[in-house]
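This is what each chain is made of:
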Amino acid sequence: MEAQSHRRRWMVLGVVVVVVAIGAVLSSALTQGGTPAAVPSASATPSASGAPVKPSPKAQRTLLLQVRDDDRRIIYSNLLATSYGAIEGARMSLPSDLLVPVPAWTTLRFTGDANDTLQSQHAVEQLLGVDVDISLVLDRLALTGLYDATLEPALAAKAKASTDIDTWINRALANFPAQTEDAGQLLLSLGHMARSSASNADLVDLLIALRKDARAELLTPVKLPVQPVRAGAAISVERAAADATMQQHFARTMLTPGQASTPRVLLVPAGASATQLAQATQALLDAGMTVIPGAVGAPLEATRISVPDTLLSARIGTQIANALGFLTEEVKHVAGNPVDARVLLGPDYSPL
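Residues numbered from 1 in each chain as written. Predicted model: local features only at pLDDT ≥ 70, side-chain atom pairs only at ≥ 80, totals over all residues. Heavy atoms only, no water.

Digging into the sheet that holds strand 14 (residues 331-334)
We count it as follows: A pair of strands is treated as paired once DSSP finds two or more bridges between them. Comment: elements are numbered from the N terminus, with helices defined as DSSP H or I runs of at least four residues and strands as E runs of at least two. Angles run from 0 to 180 degrees between N-to-C directions of axes, and those axes are lines fitted to C-alpha atoms, restricted for helices to the stretch in contact. Throughout, a contact is declared for two residues whenever any of their heavy atoms are within 4.5 Å.
Ordered in space as 12-11-15-13-14, the five strands form an open sheet in which the pairing is mixed. Edge strands, defined here as strands with exactly one partner in the open sheet, are strand 12 (290-293) and strand 14. Sheet twist, expressed as the average angle between the axes of neighbouring strands with direction ignored, equals 25°. On the sheet, helix 2 (residues 119-128) packs against strand 11 (264-269) and strand 12 and is oriented at approximately 45° with respect to strand 11. In the packing of helix 10 (residues 311-324) onto the sheet, the strands contacted are strand 11, strand 13 (304-308), strand 14 and strand 15 (341-345), and the crossing angle to strand 13 comes to about 160°.

See below:
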């Protein structure tokens, strides 16, 4: 068993190294430190430090809508965002084979069968830097019930026979009940086969808002930029292009530093070897961090750790320095970090 555990750990590290290697050919938007101003979440999700983030109204709200098969595998994911003002909303399908951090890397497909019902939601948040307000996971029977409740019988039968979940689930959303009481009864009729991360009242309110946008054709179809991973059939985001896409269509619902469920650490190879990179990744994972691979940076003589200039970020910086074996005084406080911390890993890194 110990040998199997050891092999599994290095398989995970291998995936991370592959993802980072792919990032070498991209220019990461995160490494530039620029991101549009985001409105803090109204979600009750605790911050990375365990302290609650003060809620404030969001201009844009988000729903992660997913479907599971009979083996509890995620076979469909759609990230929806409401419109705000003159800005249209968005709907973006997420491939089931997309690599996501949980915090170890796995495909989105395998995030639906866990005791942690927020695993898929947090994985998408960590990967894309987006604040997901509510997640809704439908089993097959719940999806069938949604079709029957929102579509004409002939269309419902056609939808149930189709493998094109995206087309039909968006049509079902546009036909969702407009009245709060009716919408609530529909959700209750789906029973335990529909799992939500929020109360029925909050979910109904968001679904009615998305219904309004869908009927007004204000949900812009968005394609997430992805690329194949050389090892296996998984795919990863094209980091720079994905960041630009998120900033364009989900700008008012992006995470702010300190808001993620666990600290998001952008790990950039800057002269470190693949072995050092894998060892640093594992050290950060063991410290409770989520590691976001960055594009290879210019070689440095010494590792650089930077965090936003806040008290919360200072605590995260201390945790990272301790995990990697650097002095707390070496952590730099800078303005403009779109993540909780950025680590430019140089050749001086030595595992503890």
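Anyway, onward from the coordinates.
Considering the confidence of the model for the protein chain
Reading predicted coordinates in detail is not appropriate for stretches of low pLDDT. Applicable threshold: For every residue, the predictor assigns a confidence score, pLDDT, that lies between 0 and 100.
Confidence in the prediction of the protein chain, expressed as mean pLDDT, is 84, and 83% of residues score 70 or more. Note that pLDDT drops below 50 for residues 1-13; the model gives that stretch eight contacts with residues more than four away or on any other chain. Here residues 15-55 scores under 50 on pLDDT; set against residues more than four positions off or in separate chains, the count is 102 contacts.

Observations regarding the sheet that holds strand 1 (residues 62-68)
Pairing in this open sheet of six strands is mixed, and the strands run 7-6-1-2-3-8 from one edge to the other. Edge strands, defined here as strands with exactly one partner in the open sheet, are strand 7 (194-196) and strand 8 (219-223). Neighbour-to-neighbour, the strand axes of the sheet open up by a mean angle of 20°, direction not taken into account. Judged from the seven bridges that link them, strand 1 and strand 2 (residues 74-81) form a sheet pairing that is antiparallel. If you follow Leu-63 over to strand 2, its bridge partner there is Leu-80. Helix 8 (residues 239-249) rests against strand 2, strand 3 (89-93) and strand 8 of the sheet, and its axis sits at about 175° to strand 8.

As for the nonpolar core
One recurring pattern in soluble globular proteins: nonpolar side chains tend to sit buried together. For the record, the criterion: The term nonpolar core refers to a set of buried residues drawn from Ala, Val, Leu, Ile, Met, Phe, Trp, Tyr and Cys, joined through side-chain atoms within 4.5 Å. Exposure categories follow from relative accessible area, calculated using a 1.4 Å probe and restricted to protein chains: below 20% of the type maximum is buried, above 50% is exposed, and the middle band is partly exposed.
Ranked by size, the top nonpolar core spans 34 residues in total, and within it Leu-63, Leu-138, Tyr-147 and Ile-169 carry the most contacts. Of all the secondary structure elements, the ones that give two or more residues to this core are strand 1, strand 2, strand 6 (134-138), helix 3 (140-150), helix 4 (153-161), helix 5 (165-174), helix 6 (180-190) and helix 7 (200-215). Ranked by the residues each element gives to this core, the list is headed by helix 7, at six residues. Counting residues in each nonpolar core, the second largest holds 27 residues, with Val-124, Ile-235, Val-237 and Phe-250 among its members.

Some thoughts on the pattern of salt bridges
We count it as follows: Take a side-chain nitrogen of Lys or Arg and a carboxyl oxygen of Asp or Glu: if they are within 4 Å of each other, that pair is a salt bridge.
Across all of its chains, the model carries eight salt bridges by this definition. For Lys-58, the salt bridge goes to Asp-131, with nearest N and O atoms at 3.2 Å. Of this pair, Lys-58 sits in the loop between helix 1 (2-23) and strand 1 while Asp-131 sits in the loop between helix 2 and strand 6, and the two are 73 residues apart along the sequence. Lys-58 sits in the buried class, given a relative accessible area of 14%. Of the residues examined, Asp-131 reaches a relative accessible area of 3% and is grouped as buried. Linking Lys-160 and Asp-148 is a salt bridge whose minimum nitrogen-to-oxygen distance equals 2.8 Å. Here Lys-160 is found in helix 4, whereas its partner Asp-148 is found in helix 3, with 12 residues between them in sequence.

Quick look at the environment of Ala-302
By secondary structure assignment, the location of Ala-302 is in the loop between strand 12 and strand 13. Residue classification places Ala-302 among the partly exposed positions, given a relative accessible area of 39%. For the pair Ala-302 and Gly-271, spaced 31 residues apart in sequence, the C-alpha separation works out to 8.7 Å. Beyond its immediate sequence surroundings of up to four residues, Ala-302 is in contact with Gly-346 and Asp-348.

Thoughts on the packing of helix 3 against helix 5
Rule in force here: Orientation labels follow simple angle bins: below 35 degrees gives roughly parallel, above 145 gives roughly antiparallel, 65 to 115 gives roughly perpendicular, and whatever is left gives oblique. Handedness of a helix crossing follows the sense of rotation of the near helix relative to the far helix, less than a right angle counterclockwise being left-handed and clockwise being right-handed.
Where helix 3 meets helix 5, the axes come as close as 9 Å, and the angle between the chain directions of the two elements is 50°. When the axes of helix 3 and helix 5 are compared, the pair comes out oblique. In this structure, helix 3 crosses over helix 5, and the sense of that crossing is left-handed. When helix 3 is examined against helix 5, the residues Arg-140, Leu-143, Leu-146, Tyr-147 and Thr-150 are found in contact with a partner set consisting of Ile-165, Trp-168, Ile-169 and Ala-172.

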